[in-house]
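Residues per chain, in single letters:
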Amino acid sequence: MKLIQISIFLENKKGRLLEVCSLLGENKINLRALTVAESDNFGVLRLVVDKPQEATTILKAKGFVANLTEIVAVEVPDKPGGLAEVLRILSKHNINVEYMYGFLERASTRALLVFRFDNPDTAIEVLKANKIRVVGQKDMRAL
Amino acid sequence: MEVKYRDKKIETIDRGALKALQLKRLRETVRYALKTPFYKSRLKKSGIKSAADIRKLDDLNRIPFTTKDDLRECYPTGLLAVPMKDVIRLHTSSGTTGIPTVIYHTRGDIDVWTELLARSIVATGAGKEDIFQNMMSYGMFTGGLGLHYGAERVGMTVIPMGGGNTKRQVQLMKDFGTTVMHITPSYALHIYSKLEECGVSLKDLKLKKAYLGAEPYSENTRKKIESLYHIDAYNSYGLSEMNGPGVAFECVYKTGMHCWEDTYIIEVIDPKTCEPLPDEKEGELVLTNLTRRATPLLRYRTRDIACIYRGPCRCGRTHRRISRITGRTDDMLIVNGVNVYPSQIEAVIMRIPEVGTNYQIYLEKEGTLDKLVVKVEIYSKLFSGEISQIEALKSRIKDELRASIVINPVVELHEPGSLPVFEGKAKRVVDARAKL
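Every chain is numbered on its own, with residues counted from 1 as its sequence reads. Following the order in which they are written, the chains are lettered starting with A and the ligands numbered starting with 1. A pLDDT threshold of at least 70 governs which residues receive local features in this predicted model, and a stricter bar of 80 or more applies before side-chain atom pairs are shown or counted, although totals over entire chains, interfaces and linings include all residues.

Asks: Help me get a handle on the overall build of chain A, residues and values and all.
Replies: A helix here means a DSSP run of H or I that spans at least four residues, while a strand means a run of E at least two residues long, and both kinds are numbered starting from the N terminus. Within chain A one finds five helices and seven strands. C-alpha atoms define the radius of gyration in this analysis, and the globule rule sets the expected value at 2.2 Å times the number of residues to the power 0.38. Taking 143 residues into account, the globule formula puts the C-alpha radius of gyration at 15 Å, and chain A, at 16 Å, falls close to it. The C-alpha extent of chain A, read off along each of the three principal axes, is 45 × 35 × 25 Å. To sort residues by burial, count the other C-beta atoms lying within 10 Å of each one's C-beta; a count of 20 or more means buried, 12 or fewer means exposed, and anything in between means partly exposed. C-beta atoms are built from the backbone. A buried classification covers 32% of the 143 residues belonging to chain A. Placing a C-beta atom from the backbone of each residue, one calls two residues in contact when those atoms lie within 7 Å. Taking contacts inside chain A between residues at least 6 apart in sequence as the whole, the part at least 24 apart equals 68%.

Asks: Let's hear about the domain arrangement of chain A: which residues, and what values?
Replies: Residues and elements named next belong to chain A. Each domain's limits were defined by an automated method or a database of domain assignments. When cut into domains, chain A gives domain 1 (3-70) and domain 2 (72-141). Between domain 1 and domain 2, the C-alpha centre-to-centre distance is 22 Å. At the junction of the two partners, domain 1 supplies 10 residues and domain 2 supplies 12 residues. The leading source of residues in the side of domain 1 that touches domain 2 is strand β2 (residues 31-38), at four residues.

Asks: Would you mind going over the interface of chain A and chain B in detail, with residue names and values included?
Replies: Opposite the 12 residues of chain A that make contact, chain B presents 15 residues. Those elements that place two or more of their residues in the side of chain A that touches chain B are β1 (3-11), β3 (42-49) and β4 (65-77) of chain A. Residue classes follow a fixed rule: Ala, Val, Leu, Ile, Met, Phe, Trp, Tyr, Cys and Pro count as nonpolar, while Asp, Glu, Lys and Arg count as charged, and any other residue, Gly among them, counts as polar. Of the residues contributing to the side of chain A that touches chain B, the split by class is five nonpolar, six polar and one charged.

Asks: Explain the sheet that holds strand β17 (residues 355-366) of chain B residue by residue, including any values.
Replies: Residues and elements named next belong to chain B. Any two strands with at least two DSSP bridges between them are considered paired. Strands sit in the order β19-β18-β17-β20 across an open sheet of four strands; the sheet is mixed. Either end of the sheet is taken by a strand with one partner, and the two such strands are β19 (410-414) and β20 (429-431). Put simply, the sheet's adjacent strands are angled 20° from each other on average, direction ignored. Alignment of β17 against β20, held across three bridges, turns out to be parallel. Bridge pairing in β20 links Tyr 362 to Val 430. Each axis is a line fitted through C-alpha atoms, taken for helices only over the stretch in contact, and angles between the N-to-C directions span 0 to 180 degrees.

Asks: Just give me the short version of the pairing of strand β2 (residues 101-106) of chain B, but keep the residues and values in it.
Replies: All names here are of chain B. Among the six residues that make up β2, five are buried, leaving the element largely enclosed by the rest of the structure. Across six bridges, strand β1 (residues 87-93) lies against β2 in antiparallel orientation. Among the inter-strand pairings, Ser 93 is bridged to a residue of β2, identified as Thr 101.

Asks: Which residues make up the sheet that holds strand β12 (residues 300-306) of chain B, and what are the values?
Replies: All names here are of chain B. The strand order across the open sheet formed by four strands is β10-β11-β12-β14, and the pairing between neighbours is antiparallel. On the outer flanks of this sheet lie β10 (264-269) and β14 (327-328), each paired with one strand and no other. Bridge count for β10 against strand β11 (residues 283-289) is six bridges, and the pairing is antiparallel. Residue Tyr 264 lies in a different strand from β11, and its bridge partner there is Asn 289.

Asks: Can you explain the nonpolar core? Please cite residues and give values.
Replies: All names here are of chain B. Ile 183, Ala 188, Ala 210, Leu 212, Val 247, Tyr 264 and Ile 322 are the most contacted members of the largest nonpolar core, which has 79 residues in total. In terms of residue count, helix α5 (residues 107-123) provides more of this core than any other element does, eight residues in total. In contact with Tyr 264, not counting residues within four places along its chain, are Met 242, Val 247, Cys 259, Leu 287, Thr 288, Asn 289 and Leu 290. One nonpolar core equals one set of buried Ala, Val, Leu, Ile, Met, Phe, Trp, Tyr and Cys residues connected by C-beta atoms within 7 Å.

Asks: Lay out the confidence of the model for chain B with the relevant residues and their values.
Replies: pLDDT is defined as a per-residue confidence score from the predictor, taking values between 0 and 100. Of the residues in chain B, 97% reach a pLDDT of 70 or more, and the chain-wide mean stands at 93. Note on the complex model: pTM 0.79, ipTM 0.79.

Asks: Just give me the short version of the domain arrangement of chain B, but keep the residues and values in it.
Replies: All names here are of chain B. On domain assignment, one finds that chain B holds domain 1 (8-330) and domain 2 (335-431). Between domain 1 and domain 2, the residue contacts involve 11 residues of the former and 10 residues of the latter. Per-class residue counts for the side of domain 1 that touches domain 2 are two nonpolar, eight polar and one charged.

Asks: Please provide a residue-by-residue account of the environment of Ile 63 of chain B, values included.
Replies: Here Ile 63 of chain B lies in the loop between α3 (37-45) and α4 (68-73). Excluding its chain neighbours within four sequence positions, the residues that come into contact with Ile 63 of chain B are Leu 43, Ser 46, Ile 48, Leu 298 and Arg 299 of chain B.

Asks: Just give me the short version of the packing of helix α10 (residues 342-350) of chain B against helix α11 (residues 387-405) of chain B, but keep the residues and values in it.
Replies: All names here are of chain B. In the contact formed by α10 and α11, the axes pass within 10 Å of each other and the chain directions differ by 145°. The interaxial crossing formed by α10 with α11 has right-handed handedness. For the pair α10 and α11, contact is made by Gln 344, Ile 345 and Val 348 and by Glu 400, Leu 401, Ser 404 and Ile 405, respectively. Less than a right angle of anticlockwise turn of the near helix away from the far helix marks a crossing as left-handed, whereas a clockwise turn marks it as right-handed.

The structure is reproduced here in structure tokens:
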């Protein structure tokens, strides 16, 4: 049920993000979620795409510094307190969220969020046991 | 202009008598040098087996040059000419390859050095009524301690503040009415720019003089410092191998630095051919220390570029003057007064697996101070995808560099292939500071 996220090391240089996006576009790879963690002269771009392995091969061939990380995509009720409810469950089970960000589209009345956990397998078990939907790679293609 | 001497007899000594004194002292220095394993074998090869083989001053030419590499090879005791119990202090400096060099001093050596600085201070017209704020670093760096003892010997009121901490520097200058400061030119400009922030105006200060050293600077920079502070700024020259500051110093006329020739024999050579150069012609300074017993150094190649001025000085001193240092024969960088070799930086980068082998050293001015930026490419295979890894890597490079070069660099991480690649000899240093 885990998804794969691509992390790319990028210098803070004009047009660098554009290069990544056009490269993926040219290769018909669709972006599902994205966030940038930035520091003074560089940033780490995190992407969830429909074809992660293929995308990584293409990026690396173009000299990008990229690595794959396992993340979990969680459906959160799109209503006040929806996220808090999910976080409460995780906290109760001592599962730590390293970072999280949102998907670019919404699945009906539910918001889709990307979580990076210190222990993704336990997190998935806990979430499922609490009837919270975790989105797999297959579901994502259908999005 | 009033000219004051500390020791008029020696400072205005007739050139003939000065040369006789140099010969006598050179012989004595050779005698001590022959006690060291290094010079014993080195001088023997040149046919010098005892001090008596030095018959005239020109015999100096029979002595081979000593280089920084020689000092490194002799580390730690290959150039020690006296028993360690007679050594009262040592100063080391880190080398280009990580192998340090060391200079030992006996009580007598420190005394001569101190006296030269006292002489230099008096030559600028300062005296015991002055309040002396020493803004050069203490410790292994010879600039701080050297002037400190010289100023005490003159009887000045010494404020041993050391470098940095601008707010406190300004406070001390104001509270104690500092009249003379010993400072790098870049720091002098920096402090001026911070006066207002410190709530102090020029009229709160009693500053009269600045001794500027430890880094090369132009005549325009001197003029700027003088007009900003309304003071006289004097140029100072020295290097740790020759004790430290006090090798040459400007007098009140500020037309070049008098090299104290009773203690140093000064030569200027073409760094490529090693042939001697005439006065007024720029080349590498070669110095022989005539009085140091613990670590005698003969014909030491300083790698500093300067020239000897022709003609006497209006102050009456017969010791010849040298120009300011205009460059180096090696790739040594001077960053806010601290000597840095690119190879030291390279050595640090090369032992960190997460970075690639391509790097660049970029120097620029930030305000009036130097900023050293070390740009390195990250090594793709070791990228974990986490920003915390990159931040930790940056801190690690920074910490290791600081430990090696003593100054705080800015570390920038770049993508592989983004820094310039060189075929053949790489130009890894970009110095964007204004040229002299």
